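Remarks on the overall topology
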Amino acid sequence: MCGIAGFAGPGELRDLQAMTRSLAHRGPDGEGMWQDADRPLFLGHRRLAVIDPATGGQPMFTTDGQLGVVFNGEIYNHRSLRAELEARGHRFRSDHADTEVLLHGYREWGEELPHHLEGMFAFALVDRQQARLLLVRDHFGKKPLYYAVQGDLFLFASELAALRSHRGFTGVLDTEGVQKFFLFAYIPAPSTLFKGVRKLPGGSLLRLDLTTGASRLVRWWRFRLEPDEGWAQRRGEAALTEELRGLLLQAVQRRLESDVPMGFFLSGGLDSGTVLALARAAAPHHLHRSFAIGFDEASFDESPQARRLAAQLGSRHQEEILTLEGVRQAIPQLLAGLDEPLGDASLLPTHLLCAFARRHVTVALGGDGGDELFAGYDPFLAVQPARFYHRFVPGHRFWRFLVEKLPLSTRRMSLDFRLRRTLTGLSYPPEWWHAVWMGAIDPRDLPDLFTEALPLETLLADVTELYRHSHAVHPLDQALEFYANFYLPEAILTKVDRASMRVGLEVRSPFLDRDVVDFARRLPARFKLRRGERKYLLRRAVAPWLPKTVLDQPKKGFGMPLALWMRQWPDPAVPREWPGLRSEWLLKSWREHQSGQRDHRFVLWNSLCLAYGKYQDALH
C-alpha cells in the first residue's frame, strides 16, 4: 500500500521529489524515484511495506529495463499468478513481491493484464520499447489515481496534492466539480475540483503515447447486475447459501497474507462481524486482533456490541472511548488534511478508528461492500413504496408541504428526516431518486447557491446514462447498480482510503473480492431483499459463524450527531471567494439551521469542507 506519482514532459527531478514527498503519509517506509535517460519521463513512489519488505521496493523494472512500474495496492492472487507465469518461462527477481507480477503479467498478457488480477490496485506501467505509459485502476477504484494534461505536461498521482506540487501545474477550480460535490456529497469520477484534472474511473485503463502525447481511455470492467433466475432455480437456496459461504471464506483467506501485523475493524454489526468470524474459521489457531471506537453518548456508541461479539469470536479486542465534543473539535484539522472535499461526516470516526488501529497494526480488514452488493441500506426498503407512491398517490406538493411543517429533530434517522429526504427525492424522475436521497442539497436550491447553476440533466448525466443503459429490470437491481457504481467507489471507498492512508494503514475489503462480486451480480433480487429482510441470503450464509443477536439486529451505521453539531457550531464557516458560489445563501442556511427553521446539516458540512480544505490556496 503506497502512494504513486510521476509525469511526462517538462520538469525536473525536484518536481518529482515534491510530488512524491507530498504523499509521505501514504508510504512512510520508503521513497523511490526514477528518471528515464531517453525521454522526459519520471516515476515516483512512497512505500508502506506490507508484502516482501526486503525485495519489493519501487519503481521496479524488469531485468532488461524495458518495463517499469509504480504500484499502489495489493494483488491477492499474486502467488498463483507467479506460479502460472513461471510455468510460462518468466523468471522473477523478488522473493514474493506482488509488484513484480504486474511486470511479467504485462509482458505475457499486455493490456489484458487487469482481467487476471484479484486485488485493489492503481499503477502506472511504462513500456519503454513501445514508448507507452499505462495507468490502470482496479474494478471499483479502491485505490485512487488522478491525472492531468496541461499542454505538453502529463501528470499522474494518488492524490491531487501531488499533482499540485509540480511547478508546472496550473489549477483552475472547476465550477461543475463544486456543484457535483453539493449535489452528490462527493465528486464522482471522472470529475474533480480542477479543470483539466480527472480521476481515472474504477475499472479503467488510460494509454498514453509518449511520442505523440495522445491518450485513450479504455473501460476494461464495469459493475453490471446480470441476475440469472435459471441458475438460481437450478441451484436452489441451500446450494446458493453454501456457495456464498465458501466464496466469502476464500475472500478472507486471500486477504490474510501480510508480512506486518494485521487486525480487524469490528463494529458489532453483520459485515465486520462476518469478516472476523471468517478469519477465525480460516485460521483458527491464529491470534486475531479487533479494534473499535466508542463514544460517551450511548445513542452513537456501538462499542458494547463490538465487545460482546469479540468475546464470542475469541479475538483480542481493543477499544478507545471518545467524547463527542472531542471528536467535534477534531473536524477542522481533519478537513484541512483533505485535498478533495468529502461530504460524509462518518469520515471523522473512520479516521479516528484507523489512527487507533495503526498504533497496533499496519493492515486491517473491514466490511465495506456488503451493503452495496447484498442490499443493506435503508433506501432499499423504500424502493417499492416509493414506486407505488410515484404511480398512484396524487398531490405530491401537498404531502411535501405537510411534511415540511413537521417539527425538526436532531436525532439520528428521525421520522421527519426520513420523510423529508424521501419526498425530496420523489420530486424528481425515478432515475435520480437515490442520488437525491443520498445527496447534500435539494436540487431546487442549487440556483440559490450558485450564480450559474448547471442544469440537473448535466450534473446527473452519468446517473441517467447508467439507468437507461442498465439491463436490470427489477427496481432493487437498478438501485443496487447506482450504489455500486457511484456511492460505493466515490463515497465509501474514498472515505476509507483517505482516513486510513492519512495514518499509513492499509484496509482490505473481502466483500469486494472478484468472485464474491460476480456471485452477487448473478444473484436475483429476491435473495437480497425478501419481505423487508435485507441481506437475506448473506445472513443465512454466515449464520453458522455469528450469534443470532448480530444476525437479527438492524443496521446502525457509523453515525455522528451532525444536525446537532451544526446547530451548535460557534463560528459558521463559509468558503469565501469561491467562483460562482453565493456565500450569502450559505450564511442564510447557517442561520436557518441554527435557529431550528430548516435542516441543512449536509449542506453545512459541505460548507465546512470547502472552508477548511487545503484547496483554499487555489483561489489565489
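See the structure shown above.
The structure contained in this document is the topic of the report that follows. (Residues numbered from 1 in each chain as written. Predicted model: local features only at pLDDT ≥ 70, side-chain atom pairs only at ≥ 80, totals over all residues. Heavy atoms only, no water.)

1. Points about the overall build of the chain
So the rule is basically this: Helix and strand assignments come from DSSP, with helices taken as H or I runs of at least 4 residues and strands as E runs of at least 2, each series counted from the N terminus. For the radius of gyration, the atoms used are the C-alpha atoms, and the globule rule reads 2.2 Å times the number of residues raised to 0.38. Partly exposed describes any residue whose relative accessible area lies between the buried limit of under 20% and the exposed limit of over 50%, with all areas from a 1.4 Å probe on protein chains only and scaled to the type maximum.
Of regular secondary structure, the chain possesses 26 helices and 19 strands. On C-alpha atoms alone, the chain measures out to a radius of gyration of 24 Å, which is about the 25 Å that the 2.2 N^0.38 rule sets for 620 residues. With the principal axes as the frame, the chain shows a C-alpha extent of 70 × 60 × 45 Å. Each of the 620 residues in the chain was classed as buried or not, and the buried ones make up 60%.

2. Digging into the environment of G246
Note on placement: G246 falls in helix 6 (residues 229–254). In this structure G246 comes out as partly exposed when scored by relative accessible area, which is 37%. A C-alpha to C-alpha distance of 54 Å links G246 and S583, two positions 337 residues apart in sequence.

3. Notes on the packing of aromatic side chains
As a reminder of what qualifies: Note on aromatic contacts: the rings of Phe and Tyr and the six-membered ring of Trp form a pair at centre separations within 6.5 Å, being stacked when their planes are under 30 degrees apart, edge-to-face when over 60 apart, and tilted otherwise.
Counted under the stated rule, the structure contains 27 aromatic pairs. When the centroid spacing of 6.1 Å and the interplanar angle of 25° are considered together, the rings of W433 and W437 count as stacked. Here W433 pairs with W437, and both are found in helix 16 (residues 433–438), just 4 residues apart, close to one helical turn. Assigned by exposure class, W433 and W437 land together as buried.

4. Quick notes on the packing of helix 19 (residues 461–468) against helix 20 (residues 475–501)
Just so we agree on the cut-off: A fitted line through C-alpha atoms serves as each axis, taken over the contacting stretch for helices, and the angle formed by two N-to-C directions is quoted from 0 to 180°. For classification purposes, angles smaller than 35 degrees are called roughly parallel, those larger than 145 roughly antiparallel, those between 65 and 115 roughly perpendicular, and all remaining angles oblique. Here a crossing is called left-handed whenever its near helix is offset anticlockwise from the far helix by less than a right angle, and right-handed whenever the offset is clockwise. Note on definitions: a residue-residue contact is assigned when non-hydrogen atoms from the two residues lie within 4.5 Å.
At a minimum axis distance of 10 Å, the contact between helix 19 and helix 20 shows a crossing angle of 135°. As judged from the angle between their axes, helix 19 and helix 20 are oblique. Where helix 19 crosses over helix 20, the two elements pack in a sense that is right-handed. The segment helix 19 lies against helix 20, with D462, V463, L466 and Y467 engaging Q478, E481, F482, N485 and F486.

5. Comments concerning helix 5 (residues 175–184)
Note the threshold: Any pair of nitrogen or oxygen atoms within 3.5 Å is treated as a polar contact; in protein, a donor-acceptor pairing is required on top of that, and neighbouring residues in sequence qualify only through side-chain atoms on both sides.
Along helix 5, 8 of the 10 residues are buried, which leaves the element largely enclosed by surrounding structure. Lining the buried residues of helix 5 we find helix 16, helix 17 (446–449), helix 18 (456–459), helix 19, helix 20 and helix 26 (601–612). Between a side-chain oxygen at the N-terminus of helix 5 and the backbone nitrogen of E176 the separation is 3.0 Å; the capping residue is D174.

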